[in-house]
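Here is how the chains run, residue by residue.
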Amino acid sequence: MDIGVDLSQDENGVLECEPTAQTQSEESASSRENSLTSETVTELHSQQPPEERGEDVPSETTSAATTPGSGAGSKHGAKRVTFPSDEDIVSGAVEPKDPWRHAQNVTVEEILNAYRQACQKLNCKPIPKVFKQIQDLKDLTQRNECLELKGEKLDYKSCESLEEIFKRVQFKVLDLEQTNLDEDGASALFDMIEYYESATHLNISSNKHIGTRGWQAAAHMMRKTSSLQYLDARSTPLLDHSAPFVARALRISGSLTILHLENAGISGRPLMLLATALKMNMNLRELYLAENKLNGLQDSAQLGNLLKFNYNIQILDLRNNHILDSGLAYVCEGLKEQRKGLVTLVLWNNQLTHNGMGYLAAALPFTQSLETLNLGHNAVGNEGVHKLKDGLIANRSILRLGLAFTKLSCEGAVAIAEFIAESPRILRLDMRENEIKTGGLMALTLSFKVNSSLLRLDLDREPKKETVKSFIETQRALLADIQNGCKRNFILAKEKEETEQKMRQSVSMAEIATEDQTQEDEDASAEKIEEENTADDSDSDTEDEDTAEEPKASANTTPPTLIPAITSAVPGAPASPGRCFSVSSPGRGHKIFMVTRVESPPEQQQMTAFSERVAESQTSTQTNIKAPLDAPSNQTASELSTLTSLSVTAELSCGQDLEELLLDASLDTSRDAP
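How each quantity is defined
Residues numbered from 1 in each chain as written. Predicted model: local features only at pLDDT ≥ 70, side-chain atom pairs only at ≥ 80, totals over all residues. Heavy atoms only, no water. Helix = DSSP H or I, 4+ residues; strand = E, 2+ residues; numbered from the N terminus. Buried < 20%, exposed > 50% of the residue type's maximum accessible area, 1.4 Å probe, protein only. Contact = heavy atoms within 4.5 Å. Core = buried A, V, L, I, M, F, W, Y, C linked by side-chain atoms within 4.5 Å. Salt bridge = Lys/Arg side-chain N within 4 Å of Asp/Glu carboxyl O. pLDDT = per-residue confidence, 0-100. 1 Å grid on protein atoms, 1.4 Å probe; cavity = no way out; pocket = protein on both sides within 12 Å on 5 of 7 lines; lining within 4 Å. Points joined across faces, edges and corners; volume = space filled by probe spheres on them. Nonpolar A, V, L, I, M, F, W, Y, C, P; charged D, E, K, R; others polar. Axes fitted to C-alpha atoms, helices over the stretch in contact; angles between N-to-C directions. Parallel < 35°, antiparallel > 145°, perpendicular 65-115°, else oblique. Left-handed = near helix turned anticlockwise from the far one by under 90°.

Undergrad: Mind showing me how you'd approach the overall build of the protein chain here?
TA: Check the secondary structure of the protein chain and you find 24 helices and 21 strands. Going through the 674 residues of the protein chain one by one, you find that 42% of them count as buried. A sequence separation of at least 24 residues applies to 78% of the contacts in the protein chain between residues at least 6 apart.

Below is the structure:
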């Protein structure tokens, strides 16, 4: 929009201007009147290049102040307004500071001296705990384990003096628990941690005076740093005016994977903001929200929506809240969508009853990732366990179940025993602080006769009081049997793991050996193929046709690679008394032939000797093949012909003669077999 300006002089020689655009506010008009107080040419320098603002502004323009209806403008003539060229807008550039220019070839003594000087300059006392920990540092070229300042009173000056350390040393853990941080000190520390990448694990718990500016700096640190993975803010209030900053940081956080917000007062609007932001977070793996007085309505609905959209959080800790049965219904709606995300759900002490177990039992068959479920210190009762049992049996992922202090008796223990007997994967079960007596222990003991996976069953060590005194000794014996069952399962699991590990190692070694042997044999075969191709082209064609007439099952089950001379029976081969062996010859493309050999049980040792001789025929140029001479009297004609063909003692090479012998034997067998 073009704006014309009338310039005129009053009696005192002061310029006056009148804007012709009616859209300008009165404040901007008055400011412009105060700014035009000179008759000289005014040079206006723009702070942004014209192309960034999206305007087409020439380098030099002349606007005539000839607004209609104003005689003063035409009386005094036009004023010139000039703009600088694009090259003159940016006057210079400064390189960013290197945060580690002080950390090169530094020593512990230099760090301590720099810290002392900073404390003197800021007029604050050095912290003895800092001196002691810095003196113990061994390697300054990598992250050191921890800088622990728990319980120290850190004001703004003490925090500023720590910069001399952070600019020279990095740590894995920075413990600032209960250090009485205020807004100024917290802001300074968080800026340092962000700038110097000072820590991967940061503990700021039990600091109740961080305030809005401190949380704003913390959110900036969470958003910008690439090293911070763990943030512990337990018992540090995150109130309504601070939560938006943290929520925006969590929405785009790139490195934070563990977040502790226990007892942070985030019920209500703060939780809504955090849950909404975490729906888009792809990196957070563990979220701890215990002791926040989360209710069973709005808060639980936000948690349920979070579980519906976020499949990256693996641990959700909701212990010591007020979820109630109504809130558990919302959580279970989100739990149904967890096919590959949530691994651990802690609902300890949330005032749940048997009514809520129905929602949980309906959700368990759908979730495919949940491995740990802790329902301890809730009034689940026997009725709740009966509802939960069917969902647990239908579930295919639960490995650990916590039912401590859930008001169970022998009836509930029987239901759990049924689940143990049906589950092939449960590893640990916690049933302490329940009234489980002789009947329940007997059911649990019997379940170990079927179950082989349960490695740990936690029960009260002391027997429960019974009306019959002899039952106390029975309880002791049953507890010992349960413990022995867990030990037996542990030994079996360990042996199974060792066996599987040996199998994996043997398979890998066999693959390596097969690759090496195959490569050597392929090299030797390639040379022989080149020699024989010129003389035996016709023979190879006929042999290929004969081989193609072999049963397809044998070709499919035997890999086309070099294998031992005589192997075990191939799948699909004739049943006893006939046995089918796979034989390979190293000549002409590693052809594989099927030979049927009849043997009785007493001849198995002779067959082993025969296989060894045939194996030697592949590694030497001349081999004597000797078959057993004794044949059973009840053999058929086909079996005798096969045995006769294999009983010839002759000098054979590993090339064409061996192939022809094996081929003839296989063809005779296929023609004479009933």
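Picking up where we left off.
Undergrad: Mind showing me how you'd approach the nonpolar core here?
TA: A general feature of soluble globular proteins is that nonpolar side chains tend to end up buried together. One finds F190, L202, M431 and L457 to be the most contacted residues of the largest nonpolar core, which totals 116 residues. By residue number, the principal contributor to this core is helix α9 (residues 183-196), which donates seven residues. Excluding residues that lie within four positions of it along the chain, M431 makes contacts with L403, L408, A413, I416, I436, L444, L457, D458 and L459.

Undergrad: Explain the pattern of salt bridges to me, please; I cannot follow it from the model alone.
TA: Side chains that differ in charge, positive against negative, can pair when their charged atoms come close. Under the counting rule described, the total for this entry stands at 19 salt bridges. For K167, the salt bridge goes to E164, with nearest N and O atoms at 3.7 Å. Take K167 and E164: they sit in the same class, and that class is buried. The shortest N-O distance in the salt bridge between E183 and R213 comes to 3.5 Å. Here E183, found in helix α9, pairs with R213, found in helix α10 (residues 211-224); they are 30 residues apart in sequence, far enough to count as distant. Because the salt bridges share partners, they merge into one network encompassing K129, E148 and E152.

Undergrad: Explanation requested: the confidence of the model for the protein chain in the structure shown.
TA: The predicted structure's coordinates, where accompanied by low pLDDT, should not be read in detail. Of all residues in the protein chain, 64% have pLDDT values of 70 or greater, and the mean over the chain is 74. Across residues 534-603, where pLDDT falls below 50, the model places 124 contacts with residues more than four positions away in sequence or in other chains. In the predicted structure, residues 617-656 sits below a pLDDT of 50 and forms 68 contacts with residues beyond four places in sequence or in another chain.

Undergrad: Mind showing me how you'd approach empty space enclosed by the protein here?
TA: Using a probe with the size of a water molecule, rolled over the atoms, empty space left in the structure can be pinpointed. Going through the model one piece at a time under the given rule, you end up with three cavities of 30 Å³ or more. There is about 90 Å³ of room inside the second largest cavity. Forming the boundary of the second largest cavity are M431, N434, I436, L441, L459, D460, E462, P463, K464, Q475 and L479. Of the residues in the lining of the second largest cavity, the class split is six nonpolar, two polar and three charged.

Undergrad: What is the right way to look at the packing of helix α11 (residues 243-252) against helix α12 (residues 269-278) in this model?
TA: At a minimum axis distance of 8 Å, the contact between α11 and α12 shows a crossing angle of 15 degrees. What the angle tells us is that α11 and α12 run roughly parallel. Along this stretch, α11 crosses α12, giving a crossing that reads as right-handed. For the pair α11 and α12, contact is made by A243, P244, V246, A247, L250 and R251 and by R269, P270, L273, L274, A277 and L278, respectively. Across the contact of α11 with α12, the residue classes break down as 10 nonpolar, no polar and two charged.

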